[in-house]
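Here is what each chain is made of, one letter per residue.
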Amino acid sequence: MPRLFTAIEVPDEIGLALAGYRGGLSGARWIDVENYHITLRFLGDIDEETAQEAAYLLGQVRRPPFEVTITGPDAFGGGRPRALVAKVSPSPAILELQAEHERLARRAGLPAESRKFAPHVTLARLRDASPRAVADYLGLRGGPPGLSFRAEQFVLYSSRDSVGGGPYVVEAAYPLR
Ligand code: ATP
Ligand code: MG
């Protein structure tokens, strides 16, 4: 069964700039730059028919391009940090696009996503990184990097069946216009 998710791609020049965050934190497994992305809706491992239906419904989306702004590095997981991310500004445009993907996913028969959407680019997975080390890292790197780009499309990515992880493959691209 294909494992699918919708996302905004990270342009090469933005990925290059974000790669500047790599290094300097022990216990971090840094994500390859070519795998950077902003997940909108994780669809999961779904059957071929549901995948076809989702792909069709995504093709019905009509929305204009919008600006994506990186607001800076942060950690997810609180007292047990599990991911280092570059946060993305939760602009009305990206929230509305995500909400539309959520509605389409349900219309395709998928269970509702209960977690609140927090747009981000994952930079590293953390294993045994101490909260203190993460706070120190963020203290040195913190602050908005002044990075933004225009999203002209969203994509349907597949990752490796069942297990996830890159390389991610663009199965379909949907223009914003
Ligand atoms: P790995 O878990 O092996 O490091 P990955 O998480 O990048 O790989 P997938 O598990 O296929 O690969 O996930 C694809 C994208 O969907 C990632 O951005 C991931 O953060 C997100 N994602 C995965 N599982 C969920 C979930 N249950 N809810 C919301 N988003 C998810
Ligand atoms: Mg995963």
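Residues numbered from 1 in each chain as written. Chains lettered and ligands numbered in written order. Predicted model: local features only at pLDDT ≥ 70, side-chain atom pairs only at ≥ 80, totals over all residues. Heavy atoms only, no water.

Participant: Looking at this structure, how should I read a negative patch on the surface?
Facilitator: Taken together, the side chains of Asp47, Glu48, Glu49 and Glu53 present a region of like negative charge at the surface. You can see glutamate 49 is positioned in helix H2 (residues 48-58). (Patch = residues over 30% accessible without salt bridge, like charges linked within 9 Å, V, L, I, M, F, W, Y side chains within 5 Å. Areas by Shrake-Rupley, 256 points an atom, 1.4 Å probe, with all protein chains shown as cover. Salt bridge = Lys/Arg side-chain N within 4 Å of Asp/Glu carboxyl O. Lys, Arg positive; Asp, Glu negative; His and termini not counted. Charge placed at Lys NZ, Arg CZ, Asp CG, Glu CD. Helix = DSSP H or I, 4+ residues; strand = E, 2+ residues; numbered from the N terminus.)

Participant: I'm lost on the pattern of salt bridges in this one. Help?
Facilitator: Oppositely charged side chains may form a pair once their charged atoms are brought near each other. A complete count under the given rule lists nine salt bridges for this structure. Between glutamate 113 and arginine 115 there is a salt bridge, and its shortest N-O distance comes to 3.8 Å. Looking at arginine 115, the relative accessible area reads 63%, which means it is exposed. Through salt bridges with shared partners, one network takes in Arg41, Glu102 and Arg106. (Buried < 20%, exposed > 50% of the residue type's maximum accessible area, 1.4 Å probe, protein only.)

Participant: So what exactly am I meant to see when it comes to the site of ligand 1 here?
Facilitator: With respect to spatial proximity, 13 residues lie near ligand 1, and among them Arg3, His37, Thr39, Ser159 and Tyr168 are the closest. The side chain of histidine 37 places a nitrogen or oxygen atom 2.6 Å from an oxygen atom of ligand 1. Measuring from an oxygen atom of ligand 1, one finds a side-chain N or O atom of tyrosine 168 at 2.2 Å. Notes on ligand 1: free accessible area 590 Å², of which the protein chains cover 71%. Where the shell around ligand 1 is concerned, the elements lending two or more residues are strand E1 (3-9) and strand E3 (37-45). Among the elements that take part in the shell around ligand 1, E3 stands out by supplying three residues, more than any other. (Near = heavy atom within 4 Å. Polar contact = N/O pair within 3.5 Å; in protein donor to acceptor, adjacent residues only side chain to side chain.)

Participant: Would you explain H2 in this entry?
Facilitator: One turn of the α-helix equals 3.6 residues, which is why residues spaced by three or four share an orientation. Among all positions of H2, only Thr50, Ala51, Ala54, Leu57 and Leu58 are buried. Considered in projection along H2, the buried side chains sweep an arc of 130° and stay on one side of the axis. Buried positions along H2 lie against E1, E3, helix H3 (92-107), strand E8 (153-159) and strand E9 (169-175). A distance of 3.1 Å separates the backbone nitrogen of glutamate 49 from a side-chain oxygen at the start of H2, and that oxygen is part of aspartate 47. (Arc of directions from axis to C-beta. Contact = heavy atoms within 4.5 Å.)

Participant: What should I look at first to understand the UniProt feature "active site" (unreviewed entry) in the protein chain in this one?
Facilitator: UniProt tags His37 and His120 as "active site" (unreviewed entry). These annotated residues cover 84 residues of sequence, and their C-alpha atoms all fall within 8.1 Å of one another, placing them together at a single site. With respect to the helices, strands and loops of the structure, histidine 37 is situated in strand E3. Histidine 37 sits in the buried class, given a relative accessible area of 12%. Excluding anything up to four places from it in sequence, histidine 37 contacts Phe5, Ala7, Ile8, Val10, His120, Val121, Thr122, Tyr157 and Tyr168. Among the polar contacts made by the side chain of histidine 37, one reaches the main-chain carbonyl oxygen of asparagine 35 at a distance of 2.9 Å. Tracing the backbone shows histidine 120 in strand E6 (residues 120-126). Residues in contact with histidine 120, not counting those within four places in the same chain, are His37, Ile38, Thr39, Phe76, Val85, Ala86, Lys87 and Val88. Within the structure, histidine 120 has its side chain in polar contact with the backbone oxygen of alanine 118 (distance 2.7 Å). (UniProt positions renumbered as here; feature names shortened; annotations may be inferred.)

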